[in-house]
Amino acid sequence: MTSVMQRSDAADRALRARAASVIPNGMYGHQSARMLPPEFPQFMVRGEGGRVWDADGNEYVDFMCSYGPIVLGHHHPKVDAAAAAQDQLGDCQNGPSPVMVELSELFVDTVGHADWTMMAKNGTDATTMCVTIARAATGKRKVLVARGAYHGAAPWCTPVKTGVTAEDRAHLVYFEWNDTESVRAAVEEHADDLAAIVVSPFKHDARVDQEMVDPVWARYLRQVCDDTGAARVLDDVRAGFRMAFGCSWDTIGVQPDLSAWGKAIANGHALGAVLGNDKFRDGASQVYVTGSFWFAAVPMAAAIATIHALRDEDALAAMERAGQRLRDGLAAQAASYGIGLRQTGPVTMPMVLFDDDPMFERANLWSGQAALRGAFLHPWHNWFTCAAHSDDDVDAALRATDGAFALVRARFGAD
Ligand code: PMP
């Protein structure tokens, strides 16, 4: 790994200059480095295991894992082999490949509530399909969501309302996470028109401490849906396969009717999925949802290999081990510098925030300096561990964060 002094960002700066004239804002969406401290690169060139390299050849321990999709590590050999073999046969064809049936069977065998599956490309496709299926099945319109939760970038759910009409979101109703009374109030107001309640497995909103779900509240949501016929939708796009080998709420024994998947299911290949139970099979069979690339076979072959490897290699245990080692190391470092640090969420998807940091000044300095020292750690979004993160990777990241903590301490003092 190059030292801070040896690092160059010339290639990244040249690419940014070219991008500025041919890509709006030079880049958009969650991967825009404009959302990150200035020390971060915009352009990435390759990844291997738990590490990635930017356009200047700088190496990072990768604790963003492409914002979730890389669950086994970059270039997992079995996933690569399965994808390459399928690519030899065909990818984007006139009809789905047999691997679509095989993958659907594997999902149904793996995820408790699932009786059927539908494939798409992105998590937003999957959450949007869940809402559409719920409305088709119930004939109702209202969709209840937790305030501040992210379910994708379509007009019905994007957090940024520019270019979106009020009508696009007319039937969204908000409640507060883990708050039974706010759900009760929303349900009472819309009891006759309730299509779905959509929640993520835990509160993983950006910029705030993460909150695990209260099982009593989760069971209450289940009960409301049983009583009203609305669909219980679990948005497992971000957390899927990082909390359980199955639906994330298997951990608390509460089953959804529909679940939305994306990110980790194909270890970086483009694939989203909706899984549903028999109650919603008829609704699912009525909606018209499709896309030119949705049925591409390579990502499905990659997903089959990913799901087998997740099970055969006990990937969740490896992710937890890396996450715990990182959490323990960061806690010890913060304590040694007298810096208040809050680490919330599952260890496989940690959110790390500084005390007394409302404008994220400490976080930005710290994660920018960690990036310069070879650790890719977001200042205000949850991170992701993958099964390829070795003790060496974690320890290399901790060497980077130690230097970053020292600079935070020098600039802001101890708490
Ligand atoms: N739901 C959740 C919980 C997510 O985290 C995301 C992506 N961050 C989405 C939906 C949308 O997924 P995609 O970006 O693949 O459309």
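Description of the structure in this document. Note that this is a predicted model, so its numbers are computed, not measured.

### Re the overall build of the protein chain
Within the protein chain one finds 11 helices and 13 strands. Relative to the compact-globule value of 22 Å for 415 residues, the protein chain shows a C-alpha radius of gyration of 22 Å, a close match. Taken over the C-alpha atoms alone, the protein chain extends approximately 60 × 55 × 45 Å along its principal axes. Looking at the 415 residues of the protein chain, the share that counts as buried comes to 56%. At a minimum sequence separation of 6, the contacts of the protein chain that also span at least 24 residues come to 75%.

### What to know about the pattern of salt bridges
Under the defined criterion, the tally for this structure stands at 19 salt bridges. Linking Asp-312 and Arg-311 is a salt bridge whose minimum nitrogen-to-oxygen distance equals 3.1 Å. Judged by relative accessible area, Asp-312 falls into the exposed class, the value being 55%. Exposure remark for Arg-311: the relative accessible area of 43% places this residue in the partly exposed category. Salt-bridge contacts for Asp-391 lead to Arg-321; the nearest nitrogen and oxygen are separated by 2.6 Å. Of this pair, Asp-391 sits in helix 11 (residues 391–412) while Arg-321 sits in helix 9 (residues 315–336), placing them 70 residues apart in sequence.

### A word on unusual backbone geometry
At Asn-25, a position not held by glycine, the phi torsion is positive, near 65°. Counting through the fold element by element, Asn-25 comes out in the loop between helix 1 (10–22) and strand 1 (44–48). Asn-25 gets classed as exposed once you look at its relative accessible area, which sits at 60%. In this structure, Asn-267 takes a positive phi of about 45° despite not being glycine. By the secondary structure assignment, Asn-267 is in the loop between strand 9 (258–261) and strand 10 (272–276). Since its relative accessible area comes to 6%, Asn-267 is described here as buried.

### What to know about the packing of helix 3 (residues 98–110) against helix 8 (residues 297–312)
Interhelical geometry of helix 3 versus helix 8 gives an angle of 35° and a closest axis separation of 9 Å. Helix 8 is crossed by helix 3, and the crossing has left-handed handedness. Along the contact surface, helix 3 presents Val-99, Met-100, Glu-102, Leu-103, Leu-106, Phe-107 and Thr-110, while helix 8 presents Ala-297, Met-300, Ala-301, Ala-303, Ile-304, Ile-307 and His-308. Per-class residue counts for the contact of helix 3 with helix 8 are 11 nonpolar, 2 polar and 1 charged.

### Here's the deal with the nonpolar core
Leu-103 and Phe-107 are the most contacted members of the largest nonpolar core, which totals 56 residues. Counting residues per element, this core draws most heavily on helix 8, at 10 residues. Two domains each put at least three residues into this core: domain 1 (10–72 + 315–412) and domain 2 (77–312). Residues contacting Phe-107, with those up to four places away along its chain left out, are Ala-114, Thr-117, Met-119, Phe-241, Ile-265, Ala-273, Leu-275 and Ile-307. Grouped together as the second largest cluster of nonpolar side chains are 46 residues, Ile-70, Tyr-337, Met-351 and Ala-363 included.

### Considering the packing of aromatic side chains
Under the definition given, this model contains 13 aromatic pairs. Between Phe-354 and Trp-366 the ring centres are 5.6 Å apart and the planes differ by 65°, which places this aromatic pair in the edge-to-face class. A residue pair is termed long-range when its members are at least 10 positions apart, and Phe-354 in strand 12 (residues 351–354) and Trp-366 in helix 10 (residues 361–372) qualify at 12 residues. Assigned by exposure class, Phe-354 and Trp-366 land together as buried. The rings of Tyr-337, Phe-354, Trp-366, Trp-383 and Phe-405 are connected pair by pair, giving a single aromatic cluster. In this arrangement the basic side chain of Arg-207 is found over the ring face of Trp-380, its NZ or CZ atom lying 3.8 Å from the centre.

### Side note on the pairing of strand 7 (residues 194–199)
Most of strand 7 sits out of view: 6 of its 6 residues are buried. Pairing of strand 5 (residues 142–146) with strand 7, which is carried by 4 bridges, proceeds in the parallel orientation. Looking across to strand 7, one finds that Val-145 is bridged to Val-198. Sheet topology note: the strand 7/strand 8 (residues 231–235) ladder contains 4 bridges and is parallel. In the strand pairing of strand 8, Ile-197 is matched with Arg-232. The parallel pair strand 7 and strand 8, bridged by helix 6 (residues 215–228), forms a crossover whose chirality is right-handed.

Rules used throughout
- Residues numbered from 1 in each chain as written.
- Predicted model: local features only at pLDDT ≥ 70, side-chain atom pairs only at ≥ 80, totals over all residues.
- Heavy atoms only, no water.
- Helix = DSSP H or I, 4+ residues; strand = E, 2+ residues; numbered from the N terminus.
- Rg over C-alpha atoms; globule rule 2.2 N^0.38 Å.
- Buried < 20%, exposed > 50% of the residue type's maximum accessible area, 1.4 Å probe, protein only.
- Contact = heavy atoms within 4.5 Å.
- Salt bridge = Lys/Arg side-chain N within 4 Å of Asp/Glu carboxyl O.
- Axes fitted to C-alpha atoms, helices over the stretch in contact; angles between N-to-C directions.
- Left-handed = near helix turned anticlockwise from the far one by under 90°.
- Nonpolar A, V, L, I, M, F, W, Y, C, P; charged D, E, K, R; others polar.
- Core = buried A, V, L, I, M, F, W, Y, C linked by side-chain atoms within 4.5 Å.
- Domains from an automatic or database assignment.
- Phe/Tyr/Trp six-rings, centres within 6.5 Å; stacked < 30°, edge-to-face > 60°.
- Lys NZ or Arg CZ within 6 Å of the ring centre and 35° of its normal.
- Pairing = 2+ DSSP bridges.
- Right-handed = clockwise from strand over helix to strand, strands pointing away.

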